[in-house]
Amino acid sequence: MKDEAYAVHGFRASAVCAGLKKDGGLDLALIYSDKEAVGAGVFTRNRVKAAPVLVSQEHGRQGSYGYQKNGRSCGPSTGCKA
């Protein structure tokens, strides 16, 4: 991060333009912890879950060091919304 005012000790962050937004703005973020960290997630209770949801749930149970978020609202079964 270029602005140190937003930096949190023990974490690193980055954002890039991955081409998900039509305006060309930053749309993909990665947050990384220098040590294993506790995370939380909210997932669908639907019986039908796409592979990315299942993988994310499993990674959450195993513990992780990083988190990635894209800048668009996408439903694995319904497609993306602009």
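Residues numbered from 1 in each chain as written. Predicted model: local features only at pLDDT ≥ 70, side-chain atom pairs only at ≥ 80, totals over all residues. Heavy atoms only, no water.

### Describing the pattern of salt bridges
Applying the stated rule across the entire model yields two salt bridges. As a salt-bridge pair, Arg 12 and Asp 34 come within 2.8 Å of each other at their nearest N and O atoms. Taken together, the residues Arg 12 in strand E1 (residues 11-16) and Asp 34 in strand E2 (residues 28-37) connect sequence positions 22 residues apart. Between Arg 61 and Glu 58 there is a salt bridge, with the nearest N and O atoms lying 3.4 Å from each other. Here Glu 58 and Arg 61 lie together in helix H1 (residues 51-62), a separation of three residues that amounts to about one turn. A residue is classified by how much of its surface remains accessible, and Arg 61, at 62% relative accessible area, is exposed. (Salt bridge = Lys/Arg side-chain N within 4 Å of Asp/Glu carboxyl O. Helix = DSSP H or I, 4+ residues; strand = E, 2+ residues; numbered from the N terminus. Buried < 20%, exposed > 50% of the residue type's maximum accessible area, 1.4 Å probe, protein only.)

### What about H1?
Between the first and last C-alpha of H1 there are 17 Å, a value that for 12 residues agrees with the 16 Å anticipated at 1.5 Å per step. Just past H1, the residue Gly 63 takes up positive phi, approximately 85°. (Expected span 1.5 Å × (residues − 1).)

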